[in-house]
Amino acid sequence: MIKLRPILFTLGLVLSKLALFMWLPTLLALLTGSEGFVEFLKSVLITHAAALLCLHAGRKAEFHLGVREMFLLTTSVWVVACIFGALPFVFITHINFTDAYFETMSGVTTTGSTVLSGLDNMAHSILLWRSILQWLGGVGFIVMAVAVLPYLNVGGMKLFQTESSDWSDKSAPRAKTVANNIVGVYLVLSMLCFMAYWASGMTLFEAINHAMTTLSTGGYSTSDQSMSHFSNAAHWIGTLFMFLGGLPFLLYVQSVHHKDYSLLRDAQVRGFFWLVVWVTLIMSLYLWSRELFSFSDALRISSFNIVSVITTTGYGLGDFGTWGPLASIVFIFLLALGACSGSTSGGLKIFRVQLAFSLFKKQMRQLMHPSAVFPQKYNGRTVHDAIIRSMIAFVLAYFAIILLIAALLAAIGLDPLTSISSAITAVANVGPGMGPVVGPSTNFASLPDSAKWLLSFGMLLGRLEILTVIVVFFPSFWRQ
């Protein structure tokens, strides 16, 4: 039988931390005399009360989580945190709970899709809260990808299993140390990004917010124009730190700890780097040849948008849907791809594409040499059949979920381009879709509530690697 008390206790801890971070926009509203103090104070008190109830109901001398409890907890944390994280949006912006939950789920999953407009004149407290949600979601997912998903053998993530993925009592201190080191790297890069943005001409408030949403590859901005509102220097800074946010954070820790170049030697990092370089070069030449931009502007705009999409950040810098048919095809492909595993980005992830190509090459060689034995390796490590099966199951589920959500959106009444691109951008946690309804220059406010709930569920599935959530819906999961 599934033990619910440890899950309730952990949810209480999570909500207590969420309430603590909620004090930051509360104090901002109080100190600046701007809108939102009373509303945020109500949200803080409600969240603290819920945290205390969960902690009281779940307190227990022994605290042990099995595999099924970990699956249920992983899903529950994101769902419950979004319920309470949505309260400030309801109280301050006066949107309905559907829109508030959509906005919060988009923030916590670092998707970046939004239903809000008029950001340039919105209360600073709510803008800060949106950025905090994405910053917390980014670091939360990194720790989960390093410590939880390999342990649960989800989507081939066991390939990156380390001592920190072992949830036995003996390895708990090691897991905590690795998590603390990752948070330390995340803080340092966030601070560097903030200082660079500030130096580029952003105000202090703009730099703080964009640093949090850039490194988390979330994409929330303080302006309706997104990054088009800022200088060319800010665009290059954004490109750099979005790219850094798309790299495996565990390799940052290992590179610093061992003082080596493990980050640069990693097959996934090299594949990600060269993909960005070649696609940027091709797109820059394409835009320049069509006389849409000068070559320098084409390089800046294409590199920013390509890195923004492939890292699933979702910042807007112009509407790439208007650049011509080749650009549309390229960006649809990039929407579903994603960056590196163990980063803040969503999507399919580079390592799965590399594994798929490796499997294809192995099969071709096997056809030519039926009796030969070709071991499957990745990054110099043997890839076991269990990892391959897990990866194939994930890829099939990934595209099946996208097709299912797209079909349901079309049934609701959305046009094909909006349905398909919305499904991809939700499950891949990218942010903007394509077309006049949900493209980079618009938002998701016009969609019906049923579509928003469906896309919120798609964001959750994509962020938690799909199988982690789907397994909870199997009847056998709940049996003794």
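Residues numbered from 1 in each chain as written. Predicted model: local features only at pLDDT ≥ 70, side-chain atom pairs only at ≥ 80, totals over all residues. Heavy atoms only, no water.

Draft legend 1. The environment of F241, seen in detail. On the secondary structure map, F241 appears in helix 10 (residues 232–245). Remark: the alpha-carbon pair of F241 and C193, spanning 48 residues in sequence, is separated by 6.7 Å. Beyond its immediate sequence surroundings of up to four residues, F241 is in contact with L189, L192, C193, A196, T214 and L215. (Helix = DSSP H or I, 4+ residues; strand = E, 2+ residues; numbered from the N terminus. Contact = heavy atoms within 4.5 Å.)

Draft legend 2. Expanded view of the layout of surface pockets. Here the second largest pocket defines a volume of roughly 450 Å³. Considering the residues around the second largest pocket, the lining is formed by 21 residues, among which F160, L251, Q254, D266 and N379 are closest to the centre. Secondary-structure elements contributing two or more residues to the lining of the second largest pocket are helix 6 (124–147), helix 11 (249–258) and helix 12 (262–265). Considering every element that reaches the lining of the second largest pocket, the biggest residue donor is helix 11, with 4 residues. Residue composition of the lining of the second largest pocket, grouped by class: 10 nonpolar, 8 polar and 3 charged. (1 Å grid on protein atoms, 1.4 Å probe; cavity = no way out; pocket = protein on both sides within 12 Å on 5 of 7 lines; lining within 4 Å. Points joined across faces, edges and corners; volume = space filled by probe spheres on them. Nonpolar A, V, L, I, M, F, W, Y, C, P; charged D, E, K, R; others polar.)

Draft legend 3. The environment of Q268, seen in detail. Looking at the secondary structure, you find Q268 in helix 13 (residues 267–289). Put simply, Q268 and N379 are 111 residues apart on the chain and 8.3 Å apart in space, counted from C-alpha to C-alpha.

Draft legend 4. Inspection of the pattern of salt bridges at higher detail. The final tally for this structure, using the stated rule, is 5 salt bridges. Note that D297 and R300 form a salt bridge whose closest N and O atoms lie 3.0 Å from each other. Remark: R300 and D297 occur in helix 14 (residues 295–310); sequence separation between them is 3 residues, near one turn of the helix. You can call D297 partly exposed: its relative accessible area is 27%. Salt bridges linked by common partners bring K349, R352 and E465 together as one network. (Salt bridge = Lys/Arg side-chain N within 4 Å of Asp/Glu carboxyl O. Buried < 20%, exposed > 50% of the residue type's maximum accessible area, 1.4 Å probe, protein only.)

Draft legend 5. Expanded view of the side chain of S76. Assignment of secondary structure puts S76 in helix 3 (residues 67–85). A distance of 2.7 Å separates the side chain of S76 from the backbone oxygen of L72, its partner in a polar contact. Apart from the residues within four sequence positions on either side, S76 is in contact with L11 and A81. (Polar contact = N/O pair within 3.5 Å; in protein donor to acceptor, adjacent residues only side chain to side chain.)

Draft legend 6. Summary view of the UniProt feature "binding site: K(+)" (unreviewed entry) in the protein chain. Per the UniProt record, "binding site: K(+)" (unreviewed entry) is found at T110, T111, G218, T312, T313, N429 and V430. Spatially, the listed residues are clustered: although they cover 321 residues, their C-alpha atoms lie within 8.4 Å of one another. Tracing the backbone through its elements, the reader meets T110 in the loop between helix 5 (97–108) and helix 6. Residue classification places T110 among the buried residues on the basis of a relative accessible area of 0%. Leaving out residues up to four positions away in the same chain, T110 has contacts with Q134, G137, G138, S216, T217, G218, T312, T344, N429 and R463. Mapped onto the elements, V430 comes out in the loop between helix 18 (416–427) and helix 19 (449–463). Since its relative accessible area comes to 0%, V430 is described here as buried. Ignoring any residue separated from it by four or fewer positions in sequence, one finds V430 in contact with T111, V309, T312, T313, G314, L335 and T425. (UniProt positions renumbered as here; feature names shortened; annotations may be inferred.)

Draft legend 7. Up close: the nonpolar core. Counting 152 residues, the largest nonpolar core has W129, Y197, L247, F272, L334 and Y398 as the members making the most contacts within it. Per element, the largest residue contribution to this core is 14 residues, and it comes from helix 6. Dropping the residues within four chain positions of it, Y197 is found in contact with M202, A207, H210, A211, T214, M227, A234, I237, G238 and Y315. (Core = buried A, V, L, I, M, F, W, Y, C linked by side-chain atoms within 4.5 Å.)

Draft legend 8. Summary view of unusual backbone geometry. Even without a glycine there, the phi angle at E465 is positive, about 60°. On the secondary structure map, E465 appears in the loop between helix 19 and helix 20 (467–470). Assessed through its relative accessible area of 1%, E465 is described here as buried. With a phi angle near 60°, I466 is a residue other than glycine that sits in the positive phi range. Mapped onto the secondary structure, I466 falls in the loop between helix 19 and helix 20.

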